[in-house]
Amino acid sequence: EPIKWMPEVKLQWNEKGVFGKIVTGAFAPLANPEKSVWLNDSVELLFYPGEDLETCYHVAYDPCGSNADYTCRQRKRPIWQPEDFTWKCDGWTLANKTEPARWTSEFFIPWSAFDEYAAKGKAGEKWHFNLVVNKLGGDERQTVGNSFTLGNNRNEKMYGFIRFAE
């Protein structure tokens, strides 16, 4: 079935970190502060700094708050390790605005949140990246992502890339 809505996504970077703006349109967001991020509409950001798919940094949030509701880091190489929920994406900022027919979020992630990769994000580099927008409210549930992950948002081998342009 064709997608009935497509989020507008903009990413920018500078020497301090990554900035993003996501606008979902054509529907009122499901935003109940009493519910988990996974039971509201949500956005998931999955970053793999560099090209080696070594460590995944996963942030998820919903329209209700000003903080990331779910954060974890998982090292996959050289040896696969379990998810590390002690990672909190220090320095993360989020601003949400909900309207009757859309949700706008703006976020910032400093380079220092990516641990040993804090010095990366230079012009010409590319990182594996997956952005997922989950729509649970309204008549239909839908998930839209920038990567063709075959229904598994953690299928990193199918992730798209973000390239840091000059």
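Scoring rules and cut-offs
Residues numbered from 1 in each chain as written. Predicted model: local features only at pLDDT ≥ 70, side-chain atom pairs only at ≥ 80, totals over all residues. Heavy atoms only, no water. Helix = DSSP H or I, 4+ residues; strand = E, 2+ residues; numbered from the N terminus. Contact = heavy atoms within 4.5 Å. Lys, Arg positive; Asp, Glu negative; His and termini not counted. Charge placed at Lys NZ, Arg CZ, Asp CG, Glu CD. Phe/Tyr/Trp six-rings, centres within 6.5 Å; stacked < 30°, edge-to-face > 60°. Buried < 20%, exposed > 50% of the residue type's maximum accessible area, 1.4 Å probe, protein only. Lys NZ or Arg CZ within 6 Å of the ring centre and 35° of its normal. Salt bridge = Lys/Arg side-chain N within 4 Å of Asp/Glu carboxyl O.

A.B. asks: Hey, could you run me through the overall build of the protein in this one?
C.D. replies: For the protein, the count of helices and strands is 0 helices and 10 strands. Projected onto its principal axes, the C-alpha coordinates of the protein cover approximately 45 × 35 × 30 Å. Considering only intrachain contacts with a sequence separation of at least 6, the fraction spanning at least 24 residues in the protein is 57%. For the protein, the distance from the average site of its 20 positive side-chain charges to the average site of its 23 negative ones is 2 Å.

A.B. asks: When you look at the packing of aromatic side chains in this model, what are you seeing that I'm missing?
C.D. replies: By convention here, two paired aromatic rings are described through the distance between centres and the angle between planes. All told, the structure shown has 19 aromatic pairs when counted by the stated rule. Plain terms: the ring middles of Phe19 and Phe108 are 4.7 Å apart, the flat faces sit at 40° to each other, and that makes the pair tilted. Taken together, the residues span a long stretch of sequence, with Phe19 in strand E2 (residues 17-25) and Phe108 in strand E7 (residues 102-110) at a distance of 89 residues. You can call Phe19 partly exposed: its relative accessible area is 30%. Members of the aromatic cluster, connected to one another through ring pairs, are Trp13, Phe47, Tyr57, Trp87, Trp111, Phe114, Trp127, Phe129 and Phe164. The ring of Phe161 is capped by Lys126, whose NZ or CZ atom sits 4.2 Å from the centre of that ring. Directly above the aromatic system of Phe27 lies the positively charged group of Lys135, at a separation of 5.2 Å from the ring centroid.

A.B. asks: Any chance you could explain the pattern of salt bridges here in plain terms?
C.D. replies: A side chain of one charge can pair with a side chain of the opposite charge if their charged atoms are brought near each other. Under the counting rule described, the total for this entry stands at 5 salt bridges. The salt bridge partner of Lys10 is Glu8, with a shortest N-O separation of 3.4 Å. By relative accessible area, Glu8 is classed as partly exposed at 41%. Glu99 is the salt-bridge partner of Arg102, the closest N and O atoms lying 3.2 Å from each other. Residues joined by salt bridges that share partners form a network here, namely Arg73, Asp84 and Asp115.

What is shown is where atoms sit, not what they do.
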